[in-house]
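# Coordinate analysis (summary)
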Amino acid sequence: MSDNQLLEHLNNDQRRAVEYMSGPMIVLACAGSGKTQLITRKYAYLCTRNGKDSSSVMAVTFTNKAANEMKDRIAYLVPNKLSDAWIGTFFSLCNKILREESRQLPFAGDFVIYDNEDQCRLIRHILNEMKLYEALYRGIVSKISCFKSSLITLEELMSSCNTFDFDEKLLKVYVRYQDEMKRSRALDLDDLVTYTINLLESNPGLLEKYQDIFSYVLIDEYQDTNYAQYHLIKLLSQAKKNILAVGDDNLNVYKLKGNDSDSVLTKFEKDFTDTEIINLSQNYRCTENILRVSHSVISKNASSTTNELWTERGVGEKVCHYWFMTEEEEAKYVAKNMKDLYLKGNYSYDDMAILYRVNLQSRILEEALKNERIPFKVIGSSCFYQKKEIKDVIAYLKLMINKDDNVSLRRIINLPPRGIGANTLNKLEIESRKEGASLYKAIMKMLNSKGLSQSVKDKLQLFILLIDELSSHGIGTVNDSLKTIGSYTGYIETLDECGLNNVSELMYSNGKMPLTDFLDSVALTTNTDEVTTRGYVSLTTLHNVKGLEFAIVFITGLEDGLLPYFKAVDTPEDLNEERRLFYLGMTRAKDILFMTGAKKRKLYSKFQEQEPSRFLKDIPKDCCMWIEKKAVPSNITSKLQIEKVSLELPYNTGCRVKHPKWGVGVIRDCYGEENDIKVTVNFPNVGIKRLALKYANLERI
DNA sequence: ACAATTTTTGTTTTT
DNA sequence: CAAAAATTGT
């Protein structure tokens, strides 16, 4: 595509941003202002304009999913091969650099990546051993993450310990944690960034090399970068200062990650002088009504400097707010409403999403959707790779590559039972700490010493033989490795049918991948990354919808205590973040926005009386339809209805049928009583038809 | 050492 | 109300 074609359909501001070629630039891009479009075009423009190889531009995205989408879009614009383009999250890009420069690393390259769960397991293990209160692990993991992402080193921490009145125990745990990581040759996600920074800073030649490679740096969702990540891109773009950052302060909902509280602008202008600033204030996504309502909420944030957005999309439907007596009614209403909208035929289920503040809210919604026979996908609550059997198998896989991985070894040393219990393990732990070596090495040592009984030694010997056998098979594809595990460990035999299915799914979907690549991608992939939602309603948390849009959005649980969440109402800054979260959700809606809440909700096993969210007061009365639902006459009717629905109906949605006159069609809905069943069918050539099953002469195919 | 049982505990968001 | 931890019995 030519330069001019790449600039087509961009507004003046976007065009200016794409064409601006030299020097730092920051784009303040409000929700729905086409920032992904902008970055994509810019990337393509840089490729064609300068005849640049695509590997000379680094593009940082917030999620892997966003990176993949971006690659797809760019592939459509330019002929360049993008297979090894530098497009990805901070973590995946850092991993790429570290793997490429592995020889320069302290532990000769092959490291494993610990994901959040591995991290938690390790911290819990350490707390246990140190006889500290184990339940503190969550806070400790996040504090360690904060230190690392603020580039505060352990040494600095220890020397400032006295002056800072610092929690000494935390520090001890941190030291132990780092020691364990080193012995296991493992990096956590924050380490990926800090190691990359250290590598570049201690190695000027290398830094120069990468500064040279990257003629341009693009960053999406800039407001979410933490100090370490920012430091890294500062390093990389120092020489040429060709950097474009796109962000919106109103969408910063990750203060917990150790993000700078500085606004996008102040953070950036401190380090890059003569920064060009562009404001994108035209919204291409939402209707006027949705913009008005969302703006009325976000403008109550003192720190928000955003001017009101505008759109050419027209006024649109009024935003609706419903208040119900119970959460069941709320869920039922949402499901019913979705079905109605679907049956009208203008929207399909993948145009719709239900959002909530916390994952546990999804349950009751799922039930309601099942009753209405609406297909749905819950995004992000429990991801495939977090299932127990998958994690177990992955632990075996990790050990095949790195026998020193203590976290994985602890996980499977007695799985299936090998008669190696807590007592033995304890002795091993002590030995390994004494030697400063991994558990695997400690076992080797213990086998040749007198500290253990012969029967225990035999068991350990068998285990060592197993691990050696596994790793002797070399590093092949995931399938090869899984087969090896199947034939030697005896673990597969302990699985039930469901677990077996999950493992075969693992083989089926990733079987051909090289093992090392696979393990990296597992650690770097998050639960939102590979969800395809074609034909499904999406259910997800407000945090998870960043970067997504839907024609119809339901935000549920708009109650004080839930949004804002009761744990985040203490400081004004907490409250502001909750408000931004609400704003984020609202601005995901293109056409229709529903907001619902319920008075009675079962939260942590008790029924609670909820008040409507305080944020609702910020919405002018005339912007919105306010509807309060009275309690349903009785519970009996609802129970009857559920029974009726659960009766077997001849067709499920999605079923294909043949009609004598209209040909092949897809069942969209099936309902009614035994002798009077009606179906809604979508015939591609004819449109949506409602038929009585008795007379329709449908044939199932 | 392990399975089955009772008791305790903790309940945000996630790159 | 779940899931995890502690306790008990074999």
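These numbers were taken from a predicted model, which means no experiment stands behind them. (Residues numbered from 1 in each chain as written. Chains lettered and ligands numbered in written order. Predicted model: local features only at pLDDT ≥ 70, side-chain atom pairs only at ≥ 80, totals over all residues. Heavy atoms only, no water.)

## Side note on the nonpolar core
Note the cut-off: What we call a nonpolar core is a set of buried Ala, Val, Leu, Ile, Met, Phe, Trp, Tyr and Cys residues that are connected through their side-chain atoms within 4.5 Å. Accessibility here uses a 1.4 Å probe with only protein chains present; expressed as a share of the type maximum, an area under 20% marks a residue as buried, one over 50% as exposed, and anything in between as partly exposed. Segments assigned H or I by DSSP are reported as helices when at least four residues long, segments assigned E as strands when at least two residues long, and all are numbered from the N terminus. Contacts between residues were defined by any pair of non-hydrogen atoms, one from each residue, lying within 4.5 Å.
Membership of the largest hydrophobic core comes to 41 residues, with the highest contact counts inside it found for Leu 397, Phe 463 and Phe 518. The set of elements that each furnish at least two residues to this core consists of α18 (388-401), α19 (406-412), α20 (422-435), α21 (439-447), α22 (454-472), α23 (478-488), α24 (497-510) and α25 (515-524). Ranked by residue count, the leading element in this core is α18, at 9 residues. Once residues within four sequence positions are removed from consideration, Phe 463 is found in contact with Leu 409, Ile 412, Ile 413, Arg 418, Ile 420 and Ile 443.

## Quick word on the sheet that holds strand β6 (residues 216-219)
The strands making up a sheet associate through backbone hydrogen bonding, with each pair oriented either parallel or antiparallel. For clarity, the threshold we go by: The pairing criterion for strands is at least two bridges between them, as found by DSSP. Whenever a helix is involved, its axis is fitted only over the stretch in contact; in every case the axis is a line through C-alpha atoms, and angles between N-to-C directions fall within 0 to 180 degrees.
Taken in spatial order, the 6 strands line up as β3-β2-β6-β7-β1-β8 in an open sheet, and their pairing is parallel. Here the strands that pair on one side only, and so sit at the sheet edges, are β3 (86-88) and β8 (276-280). The mean inter-strand angle of the sheet, taken between neighbouring strand axes irrespective of direction, is 10°. In the sheet, strand β1 (residues 25-29) pairs with β8 via 5 bridges, with the strands oriented parallel. The partner of Met 25 across the bridge, within β8, is Glu 276. Strands in contact with helix α3 (residues 35-49) are β1, β2 (57-60), β3, β6, β7 (243-247) and β8; relative to β6, the strand with the most contacts, it is inclined by about 165°.

## Some details on unusual backbone geometry
A cis geometry characterises the amide bond from Leu 563 onward to Pro 564, with omega recorded as 0°. Here Pro 564 shows up in the loop between β15 (550-555) and α26 (572-586). The phi angle at Glu 221 is positive, at roughly 50°, despite the residue not being glycine. Secondary-structure assignment places Glu 221 in the loop between β6 and α13 (227-237). One non-glycine residue, Asp 274, adopts positive backbone phi at about 55°. A residue is classified by how much of its surface remains accessible, and Asp 274, at 71% relative accessible area, is exposed.

## A few points about the protein's contact with DNA strand C
For clarity, the cut-off: Near residues are defined by distance, with any heavy atom within 4 Å of the molecule or strand qualifying the residue. Polar contact criterion, stated in full: a pair of N or O atoms within 3.5 Å, where within protein one must be able to donate a hydrogen and the other to accept it, and residues adjacent in sequence count only if both atoms are side-chain atoms. We call Asp, Glu, Lys and Arg charged. Ala, Val, Leu, Ile, Met, Phe, Trp, Tyr, Cys and Pro are nonpolar, and the rest, Gly among them, are polar.
Looking at DNA strand C, the residues that line it are Arg 124, Glu 134, Arg 363 and Ser 605. Arg 124 is positioned with one of its side-chain polar atoms (N or O) 2.4 Å from a phosphate oxygen of DNA strand C. One of the side-chain N or O atoms of Glu 134 is found 3.4 Å from a phosphate oxygen in DNA strand C. Within the surface near DNA strand C, the residues separate by chemical class into no nonpolar, 1 polar and 3 charged.

## What to know about the confidence of the model for chain A
For the record, the criterion: Per residue, pLDDT captures the predictor's confidence, and it can take any value from 0 to 100.
Averaged over every residue, the pLDDT of chain A is 84; the share at 70 or more is 90%. Averaged over each element, pLDDT in chain A is lowest for helix α27 (residues 635-646) (42) and highest for β15 (96). Counting interchain partners and residues more than four positions distant, the pLDDT-below-50 stretch residues 633-647 has 7 contacts.

## Structural notes on the environment of Arg 73
Residue placement: Arg 73 occurs in helix α4 (residues 64-77). Sequence separation between Arg 73 and Gln 37 is 36 residues, and the spatial gap between their C-alpha atoms is 8.8 Å.

## Some remarks on the packing of helix α11 (residues 189-201) against α13
Basically, it comes down to this: Here the angle decides the label: under 35 degrees means roughly parallel, over 145 means roughly antiparallel, 65 to 115 means roughly perpendicular, and every other value means oblique. Take the far helix as the reference: if the near one is turned anticlockwise from it by less than a right angle, the crossing is left-handed, and if turned clockwise, right-handed.
Direction vectors running N to C along α11 and α13 enclose 30°, while the axes themselves pass 9 Å from each other. In terms of axis orientation, α11 runs roughly parallel to α13. Remark: the crossing between α11 and α13 carries left-handed chirality. Judged by residue contacts, Val 193, Thr 196, Ile 197, Leu 200 and Glu 201 of α11 engage Ala 228, Gln 229, His 231, Leu 232, Leu 235 and Leu 236 from α13. The class makeup of the residues in the contact of α11 with α13 is 7 nonpolar, 3 polar and 1 charged.

## With respect to α26
Since one α-helical turn is 3.6 residues long, residues separated by three or four positions face the same way. The test is simple: Helix span is expected to be 1.5 Å times the residue number reduced by one.
The end-to-end C-alpha distance of α26, which contains 15 residues, comes to 21 Å, matching closely the 21 Å that a straight helix rising 1.5 Å per residue would cover. Of all 15 residues making up α26, 12 are buried, and the element is well covered by its neighbours. Taken residue by residue, α26 has Leu 575, Asn 576, Glu 577, Glu 578, Arg 579, Arg 580, Leu 581, Phe 582, Tyr 583, Leu 584, Gly 585 and Met 586 as its buried positions. Each element contacted by the buried residues of α26 is listed here: α15 (288-298), β12 (352-356), β15 and β16 (589-603).

## Considerations on the packing of aromatic side chains
Rules: Two rings from Phe, Tyr or Trp (for Trp, the six-membered ring) form a pair when their centres sit within 6.5 Å of each other. Planes less than 30 degrees apart are called stacked, planes more than 60 degrees apart edge-to-face, and all others tilted. A ring is considered to have a charge above it if a Lys NZ or an Arg CZ atom is located within 6 Å of its centre and within 35 degrees of its normal.
Taken as a whole and assessed by the stated rule, the structure comprises 13 aromatic pairs. On the basis of an interplanar angle of 85° and a centroid distance of 6.1 Å, the ring pair of Trp 86 and Tyr 210 is categorised as edge-to-face. Of the two residues, Trp 86 sits in strand β3 while Tyr 210 sits in helix α12 (residues 204-213), which places them 124 residues apart along the sequence. There is no split in this pair, since Trp 86 and Tyr 210 are both buried. Seen in terms of ring centroids, Trp 86 and Phe 214 are 5.1 Å apart; in terms of plane orientation they differ by 85°. Their pairing is edge-to-face. One end of the pair, Trp 86, is in strand β3; the other, Phe 214, is in the loop between α12 and β6, and 128 residues separate them in sequence. Classification of Trp 86 by relative accessible area gives buried; the value is 4%. Exposure remark for Phe 214: the relative accessible area of 1% places this residue in the buried category. We note Arg 124 situated over the ring of Tyr 137; from NZ or CZ to the ring centre the distance is 4.6 Å.

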